[in-house]
Amino acid sequence: MSLAHDTFRGCTAVITGASAGIGAGFARHAAGLGMKLVLADIAADRLAAVADELAAAGAEVEPVVTDVADAASVEALAAKAHERFGAVDLLINNAGIMAMGYSWEIPAERWDAMLRVNIGGCANGIRAFVPRMLGRGEKAWIVNVSSVGGMLPSPLMAPYIATKFGVLALTESLHYEMRMKNAPIQVSVVTPGSVRSEIFRTGGSADIAPEVAAFNAQLQQRADEHGLTAEEHAERVFDKVAEGKYWVIPQPDELLPALQPRTDMILGGKTPELFEA
């Protein structure tokens, strides 16, 4: 048995954005570790399908249709999780959406949606679950999903990049706050690279410029051909979290080689250049 199995078996996990992609991978792997699951997503039909699949395989699963951008909806998620299982040991703030295009051409409502879901969803999760975890006073875990893009800016993805930088900062702040409280809550941040999912297909639109469409297609092709499966990604994440890691970097080859030249650029006051791992 793995360390992750020994650590998380019998624990309860809440996973947002659990109906597809990385979130569904987290759910399947958590079920395989013997965890009880509360799965949250705004896509009711897809959420039900994932929950039914895992329940049919023997997992204890509670699907809760949730809009993470709505604080009251996330509070209701927390209440339902505690009603069903009594306590929550692991919260994975994973829900996120994408928009592609020039930053000035992306509609205001799309910018607002990404801010509310990608950053606001994490903040709402923290507000709903941390007080309950602190009150319980036992070991717990909070895992926020950022991105390689949370450290390496990219053109044509400004809202996504900005929100993933925000998740990185929010998570580190939360880590320091847990230390100030001497709380038994481990905080971790995940920086996924290329993972096989539909995020770039769903991030595009029919009226984007040809160069934007080409960039979007290039990223989707890279994910399709070279990305981890969602289950492979989940296994790496759970293993690192079980080891007690704050920085959970599932694909270091897609991030670490670019960090040093980017750091040198900043320290040297140089005009930014696009660094790719």
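The coordinates are above.
Residues numbered from 1 in each chain as written. Predicted model: local features only at pLDDT ≥ 70, side-chain atom pairs only at ≥ 80, totals over all residues. Heavy atoms only, no water.

### A word on the pairing of strand S1 (residues 12-16)
Line of reasoning, step 1. Among the five residues of S1, five are classified as buried, and the element is accordingly described as predominantly covered.
Line of reasoning, step 2. Here S1 shows a buried face lined by Thr12, Val14 and Thr16 and a second buried face lined by Ala13 and Ile15.
Line of reasoning, step 3. Inspection of the sheet shows S1 paired to strand S4 (residues 90-93) by three bridges, in the parallel sense. Residue Ile15 lies in a different strand from S4, and its bridge partner there is Ile92. (Buried < 20%, exposed > 50% of the residue type's maximum accessible area, 1.4 Å probe, protein only. Helix = DSSP H or I, 4+ residues; strand = E, 2+ residues; numbered from the N terminus. Pairing = 2+ DSSP bridges.)

### Overview of the sheet that holds strand S3 (residues 61-65)
Line of reasoning, step 1. In space, the seven strands of this open sheet follow the order S3-S2-S1-S4-S5-S6-S7, with parallel pairing throughout. Looking at which strands have only one partner, the edges of the open sheet turn out to be S3 and strand S7 (247-248).
Line of reasoning, step 2. Bridging between strand S5 (residues 140-145) and strand S6 (residues 185-190) involves six bridges; their strand directions are parallel. Residue pairing for S6: Val145 is matched across the bridge by Val190.
Line of reasoning, step 3. Where helix H4 (residues 71-85) meets the sheet, it contacts S1, strand S2 (36-41) and S3, and its direction lies at approximately 160° from that of S3. (Contact = heavy atoms within 4.5 Å. Axes fitted to C-alpha atoms, helices over the stretch in contact; angles between N-to-C directions.)

### Details of the nonpolar core
Line of reasoning, step 1. Val14 and Phe129 are the most contacted members of the largest nonpolar core, which totals 36 residues.
Line of reasoning, step 2. Here the element with the most residues in this core is helix H5 (residues 108-136); it accounts for six residues.
Line of reasoning, step 3. If sequence neighbours within four positions are ignored, Phe129 has contacts with Val14, Val74, Leu77, Ala78, His82, Val88 and Leu91.
Line of reasoning, step 4. Core analysis: the next-biggest nonpolar cluster, separate from the first, contains 35 residues, Ala51, Val61, Ile92 and Val145 among them. (Core = buried A, V, L, I, M, F, W, Y, C linked by side-chain atoms within 4.5 Å.)

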